[in-house]
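Here is how the chains run, residue by residue.
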Amino acid sequence: FDYMDHWYPVAWLRDIPFKKPTKITVFDVDYVVSRVDNGKVDSDEEEEVIAVVDRCPHKSAALSEGRVTSCGRRFQCAYHGWSFDGKDGKCVEIPQTVSLDGMTQENSSFVARGRADATAVPAMVSQGMVWLFPGGNLEKALLSPPPPRVPEMDMP
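Residues numbered from 1 in each chain as written. Predicted model: local features only at pLDDT ≥ 70, side-chain atom pairs only at ≥ 80, totals over all residues. Heavy atoms only, no water.

Draft legend 1. Layout of the sheet that holds strand β6 (residues 74-76). The strand order across the open sheet built from four strands is β5-β6-β7-β8, with neighbouring strands paired in antiparallel fashion. Edge positions in the sheet fall to β5 (67-68) and β8 (91-93), since each has one partner strand and no second. (Pairing = 2+ DSSP bridges. Helix = DSSP H or I, 4+ residues; strand = E, 2+ residues; numbered from the N terminus.)

Here is the structure:
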């Protein structure tokens with residue numbers, strides 16, 4: 001039995017501040033979670049959660065001590081300002097980087113390096129509860145059973 005290959009409830013959605021990093025610990029591993037806009041205008045659920053392991057790959061600073069950027073879907077490290085996409089963990093900005101060929105940071109070679117990326121964790125909201133899947137990527141999470149539902153919580 002692999003304990004990491006399951007969804008775990010970590011907080012009520014109402015307890016996670018909007019666009020602010022929040023530290024959550026599951027099995028002695030720290031994660032940073034934030035509530036963000038889902039970017040879909042016609043969606044019933046206007047918010048979603050993003051989560052990554054609470055460690056910047058640059059200097060191992062806690063991403064929960066940083067901020068969620070103005071675009072709302074990236075965690076930014078408080079130490080040197082590196083930014084990571086909250087869905088896939090990709091490093092999307094290194095403020096101190098100056099590209100030698102004049103390319104923008106999004107097109108430069110640092111984005112392709114896996115060692116500059118944070119570790120994203122699948123996260124979801126079900127019945128007002130935030131759930132994390134600490135055991136792997138989104139594909140693995142989709143193959144596992146979904147979080148259990150409590151019928152009484154759906155009653156008006």
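Draft legend 2. Region of interest: the layout of surface pockets. Estimates place the volume of the largest pocket at around 220 Å³. Of all elements in the fold, only β4 (47-53), β9 (123-126) and α1 (138-143) reach the threshold of two or more residues within the lining of the largest pocket. It is β4 that contributes the most residues to the lining of the largest pocket, three residues altogether. Along the lines of polarity and charge, the residues of the lining of the largest pocket split into eleven nonpolar, two polar and two charged. (1 Å grid on protein atoms, 1.4 Å probe; cavity = no way out; pocket = protein on both sides within 12 Å on 5 of 7 lines; lining within 4 Å. Points joined across faces, edges and corners; volume = space filled by probe spheres on them. Nonpolar A, V, L, I, M, F, W, Y, C, P; charged D, E, K, R; others polar.)

Draft legend 3. Spatial organisation of the sheet that holds β4. Sheet architecture is open: three strands sit in the order β2-β3-β4, paired in antiparallel fashion. The open sheet has two free edges, formed respectively by β2 (22-26) and β4, since each of these has just one partner strand. Strand after strand, the sheet turns through a mean of 35 degrees between neighbouring axes, direction not considered. Across five bridges, the pairing between β2 and strand β3 (residues 29-37) is antiparallel. Paired with Val 26 across the two strands is Val 29, which belongs to β3. (Axes fitted to C-alpha atoms, helices over the stretch in contact; angles between N-to-C directions.)

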